[in-house]
Amino acid sequence: MTIKIAVIGATRGCGHLSVVQALQAGHQVSVLVRDPARLQLSAEAKTRVTIHTGDVRTYEDVRKIVEGQDVIISAIVCTTITKPSPYYHHTGSAVDLSNITNPIQDGTICTEGTANILKALKSLHTAGLHVPRLISISSMGIGEHKRDTPYLLRPFYDIVLHKPHIDKQRMEIAIEASEWLEWILVRPALLTNGAHTGKYRVLGNGGGYTVSRADVADFIIKNLESTEWVKKGPVLAY
């Protein structure tokens with residue numbers, strides 16, 4: 001069955017790989033991107049993607065992409081100024097001690113962007129129209145779920161990821177308060193650029209050390225219709 005999917009945050013990381021895997025599965029994909037040139041897909045793949053140019057922080061841009069979709073995938077990330085590395089943390093930045101002093105850019109983008117997504121979805125609900133499922137990528141160890149973080153990673157999370165996790169926590173609170181919405185909060189462990197294995201743990205409680213972005217996308221595509229994790233926040237880890 002072909003599913004209509006809109007991906008916000010589609011130019012890199014889990015969002016980009018969700019686009020790739022959704023196309024491989026034969027789904028109909030739309031994306032919201034600030035710069036279409038940054039959407040790295042083959043020429044053939046781009047012919048099968050509806051590209052909307054816009055910004056998640058602009059409500060009108062979000063509203064135009066959500067109507068008529070079955071699932072919205074939110075892969076919004078804040079950014080830091082770092083050098084490339086084969087291993088990345090949840091904000092899409094290299095795991096490097098320089099992150100401790102580098103300034104966070106777009107440090108409220110998850111909160112602001114999610115507010116626009118929820119406002120747009122709420123407008124569909126109010127109008128009696130179909131409301132897509134929202135699958136939003138968060139992080140292991142947010143808020144009261146800090147207990148899920150392995151002890152050895154807690155100093156790293158407390159120092160390096162403190163500011164982006166505040167943004168993610170506000171995002172989660174807003175989504176969880178949307179009783180009218182069908183949502184899934186995806187909470188990956190430390191993200192890597194590893195292979196798409198399809199072999200990872202999906203945990204209601206507990207945590208782990210790493211999971212690849214490709215396997216996060218794998219979980220998302222496998223849960224476009226499944227109700228197993230609706231209104232839950234599963235942790236993904238090896």
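Residues numbered from 1 in each chain as written. Predicted model: local features only at pLDDT ≥ 70, side-chain atom pairs only at ≥ 80, totals over all residues. Heavy atoms only, no water.

Caption draft 1: How the structure looks around the overall build of the protein chain. A count of helical and extended segments in the protein chain gives seven helices and 12 strands. Per-residue burial for the protein chain yields a buried fraction of 53% across its 238 residues. Only carbon and sulfur atoms are counted for the fraction: they give 54% of the accessible area of the protein chain, which is about 10,600 Å². (Helix = DSSP H or I, 4+ residues; strand = E, 2+ residues; numbered from the N terminus. Buried < 20%, exposed > 50% of the residue type's maximum accessible area, 1.4 Å probe, protein only. Areas by Shrake-Rupley, 256 points an atom, 1.4 Å probe, with all protein chains shown as cover.)

Caption draft 2: Looking closely at the packing of aromatic side chains. This model, assessed by the stated rule, comprises zero aromatic pairs. A cation over an aromatic ring shows up here: lysine 119 above the ring of tyrosine 59, its NZ or CZ 4.4 Å from the ring centre. Residue placement shows lysine 232 over the ring face of tryptophan 229; its charged tip is 5.7 Å from the ring centre. (Phe/Tyr/Trp six-rings, centres within 6.5 Å; stacked < 30°, edge-to-face > 60°. Lys NZ or Arg CZ within 6 Å of the ring centre and 35° of its normal.)

Caption draft 3: Spotlight on unusual backbone geometry. Its identity as a non-glycine residue notwithstanding, lysine 231 has a phi of 60°, on the positive side. Taking relative accessible area as the criterion, lysine 231 reaches 39% and is therefore assigned partly exposed.

Caption draft 4: How the structure looks around the pairing of strand β8 (residues 183-188). Among the six residues that make up β8, six are buried, leaving the element largely enclosed by the rest of the structure. The two faces of β8 match: Trp183, Leu185 and Arg187 on one face and Ile184, Val186 and Pro188 on the other face are all buried. For strand β7 (residues 133-137) and β8, the ladder comprises four bridges, and the chain directions are parallel. Pairing of isoleucine 135 across the sheet is with isoleucine 184, part of β8. In this sheet, strand β12 (residues 235-237) lies alongside β8 in parallel orientation, the contact comprising two bridges. The residue of β12 that forms the bridge with proline 188 is leucine 236. (Pairing = 2+ DSSP bridges.)

Caption draft 5: Structural view of the nonpolar core. Val7, Val19, Val31, Val186, Val216 and Leu224 are the most contacted members of the largest nonpolar core, which totals 33 residues. Every element with two or more residues in this core is listed here: β1 (4-8), α1 (13-24), β2 (28-33), β4 (71-74), β7, β8 and α7 (213-222). Once you skip the residues sitting within four places of it in the chain, valine 31 turns out to touch Val7, Ala10, Val19, Leu39, Val49, Thr50, Ile51, His52 and Ile65. Formed by 24 residues, the second largest nonpolar core is a distinct cluster that contains Ile72, Ile109, Leu118 and Met171. (Core = buried A, V, L, I, M, F, W, Y, C linked by side-chain atoms within 4.5 Å. Contact = heavy atoms within 4.5 Å.)

Caption draft 6: Molecular detail of the sheet that holds strand β3 (residues 49-53). The sheet built from eight strands is open, its strands ordered β3-β2-β1-β4-β7-β8-β12-β10 with mixed pairing. What marks the edges here is a single partner per strand, and that holds for β3 and β10 (201-203). Pairs of neighbouring strands in the sheet enclose a mean axial angle of 20°, with direction left out of account. Examined bridge by bridge, β1 and β4 share four bridges and lie parallel to one another. Residue pairing in the sheet places valine 7 in a bridge with isoleucine 73 of β4. Contacts between α7 and the sheet are confined to β4, β7, β8, β10 and β12, with β8 contributing the most and set at about 160° to the helix. (Axes fitted to C-alpha atoms, helices over the stretch in contact; angles between N-to-C directions.)

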